[in-house]
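Residues per chain, in single letters:
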Amino acid sequence: MMLIFTFPPLLVAVLSCVYLHLAKKSDDEEKETRVLATWRKPMLVKGPLGIVTGIELAFLVMFVVLLFWSLFTYFSSSFKSIDATDPNGIRWQLKLDLGGLWLGLVGNICLTLLFFPVARGSAVLQFFGLTSEGSIKYHIWLGHAVMTFFTAHGICYIVYWALMGQMSQMLKWSRSEISNVAGEISLLAGLGLWATTFPRIRRKMFELFFYTHYLYIVFVVFFVFHVGFTYACYMLPGFYLFLVDRYLRFLQSRRHVRLLSARILPAAGQTLELSFSKSPGLKYSPTSVLFLNVPGISKLQWHPFTVTSNSSLETDELSVVIKGEGKWTKKLYEMVSSSAAADHHFDVSVEGPYGPASTDFLRHETLVMISGGSGIAPFISIIRDLIFTSSHLQLKTPRLILISSFKTTADLAMLHLLLPITAASSAATANLRLTIEAYITREKQAAATSPFHNNNVRTKWFKPSPTHAPISPILGPTASWLWLAAVVSSSFLAFLVIIGILTGYYIYPEGKKSGELGFPMALTAFLYMLVLCACVAAASSGAFLWNKRKSGRDQTIQIRNVEGATPTAGGSPVGGGAVYEMTEELESLPLRTIEEATNLHYGVRPNLRKLLVEYCTEGGSTGVMVSGPAGLRHEAAAICSSGLADDSLQFESISFSW
């Protein structure tokens, strides 16, 4: 049973790792993307599901049909049998009993897929062209479906027991059958988790949402106790890949990383750009996401931020943009910007980065990027990637149109982050065809002086603890996908061997001694889960430590180089030499380029329909990427799906639902 339910999905995961290791971009893949352009257009824009493309809608319809077909099959066959027998005139009570069972079985179908979207480093997501942030909505849809079916399942049984005078069944923990108490505990944990996932609660009380999500551990463990390990193998593949991914992330986050510098933009809503040291072997795609944990604020909270640097252009640094919009980010801004930051080491842990396996912006003649507020962050990484493509690879890049909305002129300071603070990067932008349309919505007229000249941007350089390390790929820079395949396959093989020995030499003999009672089902499930976790931990730790030892020497050399490269000229040390204030000479180089490319519009919002129609009539493919509030994304999606420009407008939404 375990092999039937778990082997095929895990085989797909392993083969996906091998494919991602070997795969390279080809012309055939680009042609396929163009053929599927129509299917990737938004089909649903407004509503509870948000923006849904044609492909997503097709799979969603098929999945819903599967659920209803399963319900119809279960209900019709069992109800016909009850109608034929009608024992003791309790026909409808029996239907309620079996109805609860079938609802639980259909809920298991949803549970089977629930954990696939949240395995951030899984090869399965990237094999299908998905990203972790883009897949979160699938996890949300499945989560609502799981809890709806399981809640209905529990209510049916409680009502049935009440009508039949069998409420004592709620306290039943069977030795060899279904455990009702375990199911009730699992359901209560799921309900507690589910209650905080609705948008209003999640946005207003994010910490409550974050901490209650740890109830998934209680939910899964007692679900396995409830149904037994063998039946739980329905959902094992997704949870197994999630478990491998979660433990690898745990290993990565154990060591604090080296914070190099911070660009501080006090005017732009308390915005920071943090730059970390990274190993040159760490490669990532534009629009990737890095999760940060600052123990000085909270040891448990992890927050995702867009990576703004380019791994090829900035080989030794990785940068993220953070805007002070919540308690955690505002506290971080205070810690970094205050003078007290010089008096202690700044401890930061990371997970990631996670992003698409590859991107192909060059297939477009024009790339329109629409942002609102801090939504500009993903486009910083795209612009820097195209700077590298233009200057180093000598390839023609698409015309870039950045349409950004800001509340006040002070928020224009976000544009300072578009380019790295190096003279070389400023020279590399010569061939970049960049136009910025900046809309200041809450001011009617321009100030007397240029907003780009009122520059309060500061750069602080840190000297962290010698124990801090550069961000590096957790399973090595060259064969990380093969290492992941080895971890998944070896840990699962070890699990099968060990439980085979455990069952043959302990569980089966002990159960035979107990006679009809058999070996306790809950204890069997506990032992199997313990072995499963041990095998995942052993295989993951072995791969991690091997790669860590292999890359240790390179990291030591890099740390010394970074320490030697910390700027001491052109700036004065602050706070005993731990932080350096950088002069504005380097800042002004990219700033002049940005100012020349920017058109300012005061007191109005961008007319997206007019602008998009204008750009798509210039000929060729026009990529439209949107990052920002839901209303902005919905407006752009509606325009792209309206058929104004046939298939020349190719829409992509960038949103984060954590």
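Residues numbered from 1 in each chain as written. Predicted model: local features only at pLDDT ≥ 70, side-chain atom pairs only at ≥ 80, totals over all residues. Heavy atoms only, no water.

As named in an unreviewed UniProt entry, the protein is FAD-binding FR-type domain-containing protein, taken from Linum tenue. Listed in UniProt under the heading Subcellular location (unreviewed entry), the comment for the protein reads: "Membrane". (UniProt positions renumbered as here; feature names shortened; annotations may be inferred.)

Some words on the overall build of the protein
When you go through the protein residue by residue, the secondary structure sums to 20 helices and 17 strands. Counting the 658 residues in the protein, one finds 52% classified as buried. By sequence separation, contacts in the protein at least 24 residues apart represent 80% of the contacts at least 6 residues apart. If you sum the accessible surface of the protein, you get close to 30300 Å²; carbon and sulfur atoms cover 62% of it. (Helix = DSSP H or I, 4+ residues; strand = E, 2+ residues; numbered from the N terminus. Buried < 20%, exposed > 50% of the residue type's maximum accessible area, 1.4 Å probe, protein only. Contact = heavy atoms within 4.5 Å. Areas by Shrake-Rupley, 256 points an atom, 1.4 Å probe, with all protein chains shown as cover.)

Details of the sheet that holds strand 8 (residues 349-354)
Pairing in this open sheet of 3 strands is antiparallel, and the strands run 6-5-8 from one edge to the other. Taken across any chain shown, the strands that pair with only one partner, and hence form the sheet edges, are strand 6 (303-306) and strand 8. Going from strand to strand, the sheet's axes swing by 25° on average, the running direction of each strand aside. Sheet topology note: the strand 5 (residues 289-293)/strand 6 ladder contains 4 bridges and is antiparallel. What sits directly across from Leu-292, in strand 6, is His-303. (Pairing = 2+ DSSP bridges. Axes fitted to C-alpha atoms, helices over the stretch in contact; angles between N-to-C directions.)

Observations regarding unusual backbone geometry
The omega torsion across Gly-352 and Pro-353 is 10°, close enough to zero to call that bond cis. Here Thr-287, not a glycine, exhibits a phi torsion of approximately 70°, which is positive. Of note, Thr-287 is situated in the loop between strand 4 (271-277) and strand 5. Look at Thr-287 and you get buried, because its relative accessible area is 9%.

A short note on the packing of aromatic side chains
Here the structure, examined in full by the defined rule, presents 29 aromatic pairs. Note on Phe-210 and Tyr-214: the rings are 5.8 Å apart at their centroids and 80° apart in plane angle, and the pair reads as edge-to-face. Overall, Tyr-214 belongs to the partly exposed group, its relative accessible area being 32%. The side chain of Arg-120 reaches across the aromatic face of Phe-291, ending 3.6 Å from its centre. Between Arg-549 and the ring centre of Trp-546, over which it is positioned, the NZ or CZ distance is 4.9 Å. (Phe/Tyr/Trp six-rings, centres within 6.5 Å; stacked < 30°, edge-to-face > 60°. Lys NZ or Arg CZ within 6 Å of the ring centre and 35° of its normal.)

Let's talk about helix 6 (residues 132-163)
With 32 residues, helix 6 should cover 46 Å at 1.5 Å per step; its first-to-last C-alpha distance of 46 Å lies within 8% of that length. Once helix 6 ends, the next one or two residues include Gly-165, with phi positive near 65°. (Expected span 1.5 Å × (residues − 1).)

Points about the UniProt feature "transmembrane region" (unreviewed entry) in the protein
According to UniProt, the positions carrying the feature "transmembrane region" (unreviewed entry) are residues 49-75, 96-118, 138-160, 181-201, 213-244, 481-507 and 519-546. Across residues 96-118 one finds 83% helix and 0% strand; the C-alpha atoms that close the span lie 34 Å apart. As a span, residues 481-507 carries 100% helix and 0% strand, and end to end its C-alpha atoms are 36 Å apart.

A look at the nonpolar core
In terms of nonpolar packing, the biggest core is built from 81 residues, with Leu-111, Phe-115, Phe-229, Tyr-240 and Phe-495 touching the most fellow members. Setting aside chain neighbours within four positions, we find Leu-111 in contact with Val-146, Phe-150, Phe-219, Phe-223 and Met-235. Listed in part, the 35 residues of the second largest apolar core include Ile-383, Ile-387, Ile-436 and Ile-440. (Core = buried A, V, L, I, M, F, W, Y, C linked by side-chain atoms within 4.5 Å.)

Structural notes on the packing of helix 1 (residues 2-22) against helix 12 (residues 236-253)
Look at helix 1 against helix 12: their axes get within 8 Å of each other, and the N-to-C directions meet at 45°. For the element pair helix 1 / helix 12, the angle class is oblique. Crossing of helix 1 over helix 12 shows right-handed handedness. Contacts from Phe-5, Thr-6, Pro-9, Leu-10 and Ala-13 of helix 1 reach helix 12 at Leu-236, Pro-237, Tyr-240 and Leu-241. (Parallel < 35°, antiparallel > 145°, perpendicular 65-115°, else oblique. Left-handed = near helix turned anticlockwise from the far one by under 90°.)

A short note on the side chain of Thr-151
Structurally, Thr-151 can be placed in helix 6. Here Met-147 takes part through its backbone oxygen, which lies 2.5 Å from a polar atom of the side chain of Thr-151. Dropping the residues within four chain positions of it, Thr-151 is found in contact with Leu-187, Leu-191 and Trp-194. (Polar contact = N/O pair within 3.5 Å; in protein donor to acceptor, adjacent residues only side chain to side chain.)

Some remarks on a nonpolar patch on the surface
On the surface, Leu-493, Val-497, Ile-498, Ile-501 and Tyr-505 cluster together to form a nonpolar patch covering roughly 540 Å² of accessible area. Given a relative accessible area of 46%, Val-497 falls into the partly exposed group. (Patch = residues over 30% accessible without salt bridge, like charges linked within 9 Å, V, L, I, M, F, W, Y side chains within 5 Å. Salt bridge = Lys/Arg side-chain N within 4 Å of Asp/Glu carboxyl O.)

With respect to the pattern of salt bridges
Using the criterion set out here, one finds 9 salt bridges in the structure. Close ionic contact of Lys-172 with Glu-177 constitutes a salt bridge, the shortest N to O distance being 3.9 Å. Since its relative accessible area comes to 31%, Lys-172 is described here as partly exposed. In this structure, Glu-351 engages Arg-246 in a salt bridge whose closest nitrogen and oxygen atoms are separated by 3.9 Å. Of this pair, Glu-351 sits in strand 8 while Arg-246 sits in helix 12, and the two are 105 residues apart along the sequence. For Arg-246, a relative accessible area of 24% gives the class partly exposed.

A closer look at the confidence of the model for the protein
With 83% of its residues at a pLDDT of 70 or more, the protein shows a mean pLDDT of 81. Below pLDDT 50 for its whole length, residues 25-33 participates in 7 contacts with residues either more than four positions away or in separate chains. (pLDDT = per-residue confidence, 0-100.)

Here we look at helix 20 (residues 630-640)
Taken residue by residue, helix 20 has Leu-632, Arg-633, His-634, Ala-636, Ala-637, Ile-639 and Cys-640 as its buried positions. On its buried face, helix 20 is in contact with strand 1 (42-44), strand 9 (366-372), helix 19 (608-616), strand 16 (622-627) and strand 17 (649-654).

Structural notes on the packing of helix 4 (residues 91-114) against helix 6
Between helix 4 and helix 6, the least distance of the axes is 8 Å, while the angle of their chain directions is 160°. Here helix 6 runs roughly antiparallel to helix 4, going by the angle between their axes. Between helix 4 and helix 6 lies a crossing whose hand is left-handed. When the residues that make up the contact of helix 4 with helix 6 are grouped by side-chain class, the tally is 21 nonpolar, 8 polar and 1 charged. (Nonpolar A, V, L, I, M, F, W, Y, C, P; charged D, E, K, R; others polar.)

Focus on the environment of Phe-526
Its location among the elements puts Phe-526 in helix 17 (residues 521-565). C-alpha of Phe-526 to C-alpha of Phe-229: the two residues are 297 residues apart in sequence and 8.5 Å apart in space.

Comments concerning the pairing of strand 4
Counting buried positions along strand 4 yields 7 of 7 residues, so the element is predominantly enclosed. Of the strand pairs in this sheet, strand 3 (residues 259-265) and strand 4 are connected by 6 bridges, and their pairing is antiparallel. Note that in strand 4 the partner of Arg-263 across the bridge is Glu-273.

Concerning the sheet that holds strand 15 (residues 598-602)
Sheet strands pair via backbone hydrogen bonds, and the direction of the pair is either parallel or antiparallel. Strand order in the open sheet formed by 6 strands is 15-11-10-9-16-17, with parallel pairing between adjacent strands. The open sheet has two edge strands, strand 15 and strand 17, and neither has a second partner. Shown here is a sheet whose adjacent strand axes are inclined to one another by a mean of 15°, direction ignored. By the bridge criterion, 7 bridges tie strand 9 to strand 10 (residues 399-406) in an arrangement that is parallel. Directly across from Ile-370, in strand 10, lies its bridge partner Ile-403. Where helix 19 meets the sheet, its contacts fall on strand 9, strand 10, strand 11 (434-440), strand 16 and strand 17, and the angle it forms with strand 10 comes to roughly 175°. Along the sheet face, helix 20 touches strand 9, strand 16 and strand 17 and points at about 160° away from the line of strand 17.

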